[in-house]
Amino acid sequence: MSWRDFWNGEHSIYVSPRHKLLHYRAIASDLIDHIPAPDAAVLDHGCGEALDAARVAAACGRLQLCEAAPNVREKLRAQFGRIGNIAVVSPEEVEALPEASLDLVVANSLVQYLSPDELKALLRTWHGKLKPGGALIAADVIPPDVSPLTDASQLLVFAWRGGFLTAALAGLVRTAFSDYRKLRAQYGLSTYTPEEMSALIREAGFAEPQRPKNFGHNPHRMTFKAFKPT
Ligand SMILES: C[S@@+](CC[C@H](N)C(=O)[O-])C[C@H]1O[C@@H](n2cnc3c(N)ncnc32)[C@H](O)[C@@H]1O
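Everything numeric here is computed off the predicted structure, so don't read it as measured data. (Residues numbered from 1 in each chain as written. Predicted model: local features only at pLDDT ≥ 70, side-chain atom pairs only at ≥ 80, totals over all residues. Heavy atoms only, no water.)

Caption draft 1: Fine view of helix H2 (residues 17-33). With 17 residues, H2 should cover 24 Å at 1.5 Å per step; its first-to-last C-alpha distance of 25 Å lies within 8% of that length. On its buried side, H2 packs onto strand S1 (41-45), helix H3 (53-58), strand S4 (102-108) and helix H7 (148-162). (Helix = DSSP H or I, 4+ residues; strand = E, 2+ residues; numbered from the N terminus. Expected span 1.5 Å × (residues − 1). Contact = heavy atoms within 4.5 Å.)

This is how it looks when you write it as structure tokens:
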């Protein structure tokens, strides 16, 4: 099984429906904070199920939801197909977008599942698709020194605040025996120091990245925001 198969299948990365709901609500709120204008063209790359995408779409001009997993794209189409300013697209369709057509690209919790070469290629793609002055946000990037135990403790803090602590404790036990843990042990996750990530973003043509608060619940992970020079 590869990461791609994992995301395309049924998985229990969210410990309960409430966890999933609160997660996607928080990511949508963080994304909305960065929308530069009500008519902005926004791409959420590696969006997952994007449960709160309707709220994001209401805050921008057009929202493109890009997912590599065909089964997730089907779910997204079923849920958001009727919303006029949402389009569900594959990575290949992102490649085919017109150059300089986007105002904001967000990729939350995606970078760790890409090889360094895949990340470099995507950074170049995003740079090409953004308008001059447009912004890229790569969020929830994992630094090399954060262990799975830190991830687990941050999940428990989130669960305590969100009222799903029991489900989180059970979920952590499930994860210890799951495909996720096996894949994480087998393939690892791509991690970057702040300097490495900033250098890759600059090499793709962006200005020096800013480091806003991380998206979501885990402050040990990192967010980078970089503008395409005008
Ligand atoms: C950890 S989930 C993150 C989902 C969502 N962004 C969030 O923050 O909850 C990673 C998602 O990225 C998708 N993905 C992985 N590689 C991708 C790629 N090259 N292009 C688009 N989506 C990709 C996976 O299918 C999965 O749904």
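Caption draft 2: Seen up close, the pairing of S4. Counting buried positions along S4 gives 7 out of 7 residues, so the element sits mostly inside the fold. Where S1 lies against S4, 3 bridges are found, and the strand directions are parallel. Of the residues in S4, the one forming a bridge with Val42 is Leu104. Two strands pair when backbone bridges link them, and S4 and strand S5 (residues 130-141) are joined in this way by 6 bridges, in the parallel orientation. The residue bridging Leu104 from the neighbouring strand is Ala135, located in S5. After leaving S4, the chain enters helix H6 (residues 116-129) and then returns to the sheet as S5, a path that is right-handed. (Buried < 20%, exposed > 50% of the residue type's maximum accessible area, 1.4 Å probe, protein only. Pairing = 2+ DSSP bridges. Right-handed = clockwise from strand over helix to strand, strands pointing away.)

Caption draft 3: Quick look at the nonpolar core. If you look at the biggest cluster of nonpolar residues, it comprises 29 residues, and the most contacted ones within it are Leu119, Leu123, Trp126, Val141 and Met197. For this core, the secondary structure elements donating two or more residues are S1, S4, H6, S5, helix H10 (194-203) and strand S6 (222-227). Setting aside anything within four residues of it in sequence, one finds Leu119 in contact with Val111, Leu114, Tyr192, Met197 and Leu200. Grouped together as the second largest cluster of nonpolar side chains are 26 residues, Leu31, Ala40, Val42 and Ala69 included. (Core = buried A, V, L, I, M, F, W, Y, C linked by side-chain atoms within 4.5 Å.)

Caption draft 4: Spotlight on the state of the cysteines. Enumeration according to the criterion identifies 0 disulfides in this entry. Free of any disulfide, Cys47 has its nearest neighbouring cysteine sulfur in Cys66, separated by 7.0 Å. Taking the relative accessible area as the measure of exposure, Cys47 reaches 5% and is therefore buried. Not engaged in a disulfide, the cysteine Cys60 finds its nearest cysteine sulfur in Cys47; these two sulfurs lie 13 Å apart. A relative accessible area of 6% places Cys60 in the buried class. (Disulfide = S-S within 2.5 Å.)

Caption draft 5: Molecular detail of H10. Inspection of H10 places Met197, Ser198, Leu200 and Ile201 among the buried residues, and these make up the whole buried set. Down the axis, H10 shows its buried residues gathered within 160° of arc, on one side only. Projecting away from the buried face of H10 at angles above 90 degrees are the exposed residues Glu195 and Glu203. If you follow the buried residues of H10, they end up packed against H6, S5 and S6. Just downstream of H10, Gly205 is the residue with a positive phi angle, here 110°. (Arc of directions from axis to C-beta.)

Caption draft 6: Inspection of the side chain of Asp52 at higher detail. You can see Asp52 is positioned in the loop between S1 and H3. You can call Asp52 buried: its relative accessible area is 19%. Side-chain polar atoms of Asp52 contact the side chain of Arg55, separated by 2.8 Å. Leaving out residues up to four positions away in the same chain, Asp52 has contacts with Tyr24, Arg25 and Ala28. (Polar contact = N/O pair within 3.5 Å; in protein donor to acceptor, adjacent residues only side chain to side chain.)

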